[in-house]
Amino acid sequence: MINGFAFKNMLLAAARHLDQQKDKINALNVFPVPDGDTGTNMSLTLSAATKELEQFGNGEIRRLASLLTRGSLMGARGNSGVILSQFFRGFSDGLAHVQEEITGEDLAHALATACQTTYRAVMKPVEGTMLTVARVAAEHAAQAAAQGAGALEVLQAALDGARQALADTPNILPVLKQAGVVDAGGQGLVCLFEGFLMGLTAAPEELEELLAEMAAPPAVEAVPQVEQEVSVNKYCTEFIILGSGIDPHQVRGELESKGDSLLVVSDGDVVKVHIHTDHPGQVLEFCGALGELTEIAIDNMRLQNQEFASHEESHHLDYSVGNNVIDFPVNSGQSEPKPIGIVAVVSGDGLAEIFKSLGVDCIVTGGQTMNPSTEELVRAIDSVNAEQVIILPNNKNVIFSAQQAKELAEKPVGVVPTRSVPQGIAALMYFVAEDSLEDNLAAMEEGMREVKTGEITYAVRSTVAGDLHIEERDIIGLAEGKIAVVGATPASVAQDLLRKMVDEDSSVISIYYGADLDEAAAQELTELISAEFPECEVEVYAGGQPLYYYIVSVE
C-alpha cells in the first residue's frame, strides 16, 4: 500500500524525473521547426502541481490529490500540459475516497478515471498519442489489480503498458513513423510512471538525491517592451466609416502617405481604419468625406509609452516563467470597468506594440516554446478592468490553456481560437466595443479566417516533409502551419512561400520581421515582393518575434 508520505514522494520524484528528461522529450518533435516544447510544458505543469504539495504535510491521500488537481490545472502550459492536468484531475478524482493508504485496486481505479477524464477533455481524441499511452497503462493496471496485485505491482504493470503503447505509436500515426520518432506526450507519460516507481522504490539516500532542488526554470525571452520614444507618427488613430460603396483600396492608397501601421478592413458598408500618424485631422477629413465616422479614438503614443515605462520601473516587473502578464496602465486604471476587455498572447516587442495600439488591455508574453500557464492567463483576465474578457491565444498550442482559463476565471470569458499573430490582428479589426461578447466572438472568429498566415524559420533537424527533403539548418516556410517551402535564405523562402499563398483574390500582404533581422533586410524583401505582386499592397512591420525570421499574412 501507498501511504501519504510515499504518495507525496512518488509525485515529487516524478516531477524531478520529468524535469531531467524534458529535453529528450522536446527533441521528439514531428516537425523540424524550433518549437519542440512538449517536455518543458509537461515538466512545468507537474512542477506547479508539486509546489502545492510542498506546502502541505504528509496528510490524507484525498487532500494531497485535491492539491495535485489545483496545482496542475493552474500550472498547465500548452496542449500537452493541459492534457496532463486533466490526467491528474481524473487521477485525483479516482482517489477522492481514499484517506490513509492506496491499494492496488485504488490505484487502478485512479488510472482508469484519469484515462476517462483525459479522453473527455480532448474534443477529437487521436490514437497514437499520449491518450493511447494513458489508456493502455490503465488497462494493464486494471488487469494486475484484478489478479490481486498490490499498489507497487499495479504501478509496474502500468509502466509496462505505457512503454508498450509508446513503442507502438509510430505504427498508429504515420507522421510519427515518417519522422522516425515516438509520440512526445506519450514519452512524457512514460517518464511520469518511471518517476512514480522511483519515488516508491529508491533507497533513502537515492530518494534524497532525486528530490534535490529542482533545476531552475528555463530562461525566457525578455518581455516585449513598448518603445518609449515616438518621434514620428505618434498619434494612434482609429475609427469606423459607415457608408455604402466605400472602396477600401482607395482608403489605403490615400492614407499610406500619411503614416504607418496602416490597417484597413472592410465588411460591406462598414470600414475600420487604424493608422499611426502625425496628422489625424487630415486622415479624418478625407475619410469623413466618404461616410459617417464613428468609434473615433486618437491616442498620443509618446505619452502612453512614457506612462508605461514609468509603470514598469515602479513595479519592478519580473518577466520570468510564471510572471508573464503585462497590463497597460492606460486601461487598467479606469474607475469604471469597460464592458469587454482583451487579453492577447504575443511574443516580440513590435508585435506587442501593434496589439496594444489595436486596443488590447493586457499582453501575456509567450508563443512558440514559451506557452503561458493557465494561471498566467487567469491573472491576465483578472487584471483587466472589464466586466467580460476576450482572449486571443495567437498560437495553436495556447488555445487549450485559454479554454481552461476561461473555465477557471471568475468573470465571463470568450476565446477566439486564433492560431497565429495575423489571425489575432485580423480578429481585432472586427472588435466593436459596444457589441455583446457573443456578437464580438462570432465576428472576430469570422474575421480571423479572412487572412492566410505564413512563417519562415529554420529546421532543427534533417527530415522529409512530403516531397521536400530538408537538412538541418535549412530555411523552411510554413503555410498555415504546414511546411511548404525549403531554401537557403529567409528572403528567398519568403518569396517562394508568398508565390504559393497569393491568388487572384489577394489584395494586401503584410510582413512582420523578427528579432534576428534588421529593417534594411525587411525593406529589401518588401521591394522584391512589391515588384512581383504589383496588384497587392505590401506593408512591413518590425515584429521582433524570436525563432521566426518573418511572419507574413495575405488578405
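Above this note sits the structure.
Residues numbered from 1 in each chain as written. Predicted model: local features only at pLDDT ≥ 70, side-chain atom pairs only at ≥ 80, totals over all residues. Heavy atoms only, no water.

**A short note on the overall build of the chain**
The cut-off we apply is this: Secondary structure elements are defined from DSSP: runs of H or I of at least 4 residues count as helices, runs of E of at least 2 residues count as strands, and each element is numbered from the N terminus. Burial here depends on accessible area, computed with a 1.4 Å probe over protein chains only, as a share of the maximum for the residue type. Under 20% is buried, over 50% is exposed, and the range in between is partly exposed. Every residue pair with non-hydrogen atoms within 4.5 Å of one another is taken to be in contact.
Secondary structure assignment for the chain yields 21 helices and 19 strands. Across the 555 residues that make up the chain, the buried fraction comes to 57%. Considering only contacts within the chain whose residues lie at least 6 apart along the sequence, 72% involve residues at least 24 apart.

**Focus on the pattern of salt bridges**
Condition: The salt bridge criterion pairs a side-chain nitrogen of Lys or Arg with a carboxyl oxygen of Asp or Glu, the two atoms within 4 Å.
This structure, assessed with the given rule, holds twelve salt bridges. The salt bridge involving Lys 22 is made with Asp 19; its shortest N-O contact spans 3.0 Å. In this pair, Lys 22 and Asp 19 both sit in helix α1 (residues 4–26), three residues apart, roughly one turn of the helix. In this structure, Lys 22 and Asp 19 share a single accessibility class: buried. Between Glu 532 and Arg 499 there is a salt bridge, and its shortest N-O distance comes to 2.5 Å.

**Digging into the pairing of strand β9 (residues 362–365)**
The line we're drawing: We call two strands paired when DSSP finds no fewer than two bridges between them. For the handedness criterion, the strands are oriented away from the viewer, and a crossover whose path from the first strand over the helix to the second runs clockwise is classed as right-handed.
Judged by which residues are buried, β9 turns out to be covered on both faces: Cys 362 and Val 364 on one side and Ile 363 and Thr 365 on the other are all buried. For strand β8 (residues 338–346) and β9, the ladder comprises four bridges, and the chain directions are parallel. Paired with Val 346 across the strands is Thr 365, a residue of β9. Since β8 and β9 lie parallel, the crossover through helix α15 (residues 349–357) that links them has a hand, and here it is right-handed.

**Some details on the side chain of Thr 237**
Tracing the sequence through the fold places Thr 237 in strand β3 (residues 235–242). Judged by its relative accessible area of 0%, Thr 237 falls in the buried class. Excluding residues that lie within four positions of it along the chain, Thr 237 makes contacts with Val 273, His 274, Ile 275, Thr 277, Pro 280, Ala 297 and Ile 298.

**Some points on the nonpolar core**
The test is simple: Put simply, a nonpolar core is a bunch of buried Ala, Val, Leu, Ile, Met, Phe, Trp, Tyr and Cys residues held in one set by side-chain atoms that sit within 4.5 Å of each other.
By size, the foremost hydrophobic cluster in this structure holds 67 residues, and its most contacted members are Phe 7, Phe 91 and Phe 193. Sorting elements by how many residues they give to this core places helix α6 (residues 130–146) first, with ten residues. Residues contacting Phe 7, with those up to four places away along its chain left out, are Ile 2, Ile 61, Leu 64, Ala 65, Phe 91, Leu 95 and Ile 102. Leu 351, Met 429, Met 444 and Tyr 548 belong to the second largest nonpolar core, which has 36 residues in total.

**Regarding the sheet that holds strand β19 (residues 550–554)**
Note the threshold: To get an axis, a line is fitted to the C-alpha atoms, and for a helix only the part in contact is used. The angle between two axes follows their N-to-C directions and goes from 0 to 180 degrees.
Within the open sheet, the six strands sit side by side as β16-β15-β12-β19-β17-β18. Their pairing is mixed. Taken across any chain shown, the strands that pair with only one partner, and hence form the sheet edges, are β16 (482–487) and β18 (537–542). Adjacent strand axes in the sheet meet at a mean angle of 20°, parallel and antiparallel pairs treated alike. The strands touched by helix α20 (residues 490–501) within the sheet are β12 (452–458), β15 (475–479), β16, β17 (508–513) and β19, with β12 carrying the most contacts at an inclination of about 155°.

**Regarding the packing of helix α18 (residues 421–428) against helix α19 (residues 437–448)**
Definition in use: Roughly parallel covers angles under 35 degrees, roughly antiparallel covers those over 145, roughly perpendicular covers 65 to 115, and oblique covers all other angles. Helix crossings are classified by the rotation of the near helix relative to the far one: an anticlockwise turn of less than a right angle makes the crossing left-handed, while a clockwise turn makes it right-handed. In the scheme used here, Gly and all other residues not listed as nonpolar or charged are polar, with Ala, Val, Leu, Ile, Met, Phe, Trp, Tyr, Cys and Pro taken as nonpolar and Asp, Glu, Lys and Arg as charged.
Where α18 meets α19, the closest approach of the two axes is 7 Å, and the angle between their N-to-C directions is 135°. The angle between α18 and α19 falls in the class oblique. The handedness of the crossing between α18 and α19 comes out as right-handed. Contact residues: α18 offers Gln 423, Ala 426, Ala 427 and Leu 428, while α19 offers Met 444, Gly 447 and Met 448. Taken together, the residues of the contact of α18 with α19 sort by class into five nonpolar, two polar and no charged.

**Considering the packing of helix α4 (residues 78–94) against helix α17 (residues 399–408)**
Running from amino to carboxyl end, α4 crosses α17 at an angle of 45°, the nearest separation of the two axes being 7 Å. By the angle between their axes, α4 is oblique relative to α17. Two secondary-structure elements touch here, α4 through Gly 78, Asn 79, Val 82, Ile 83, Ser 85 and Gln 86 and α17 through Phe 400, Ser 401 and Gln 404. Class assignment for the residues of the contact of α4 with α17 results in three nonpolar, six polar and no charged.

**Some remarks on the packing of aromatic side chains**
Just so we agree on the cut-off: Centre distance within 6.5 Å is the pairing criterion for rings of Phe, Tyr and Trp, where only the six-membered ring of Trp is used; planes under 30 degrees apart are then read as stacked, over 60 as edge-to-face, and the remainder as tilted.
By the definition in use, this model includes eight aromatic pairs. When the ring of Phe 87 is compared with that of Phe 88, the centres are 5.8 Å apart and the planes differ by 75°; the resulting orientation is edge-to-face. Judged by its relative accessible area of 3%, Phe 87 is buried. Between Phe 87 and Phe 91, the ring centres sit 6.3 Å apart and the planes meet at 10°, which makes this aromatic pair stacked. Taken together, the residues Phe 87 and Phe 91, both in helix α4 and four residues apart, mark about one turn of the helix. Like Phe 87, the residue Phe 91 is buried in the burial classification.

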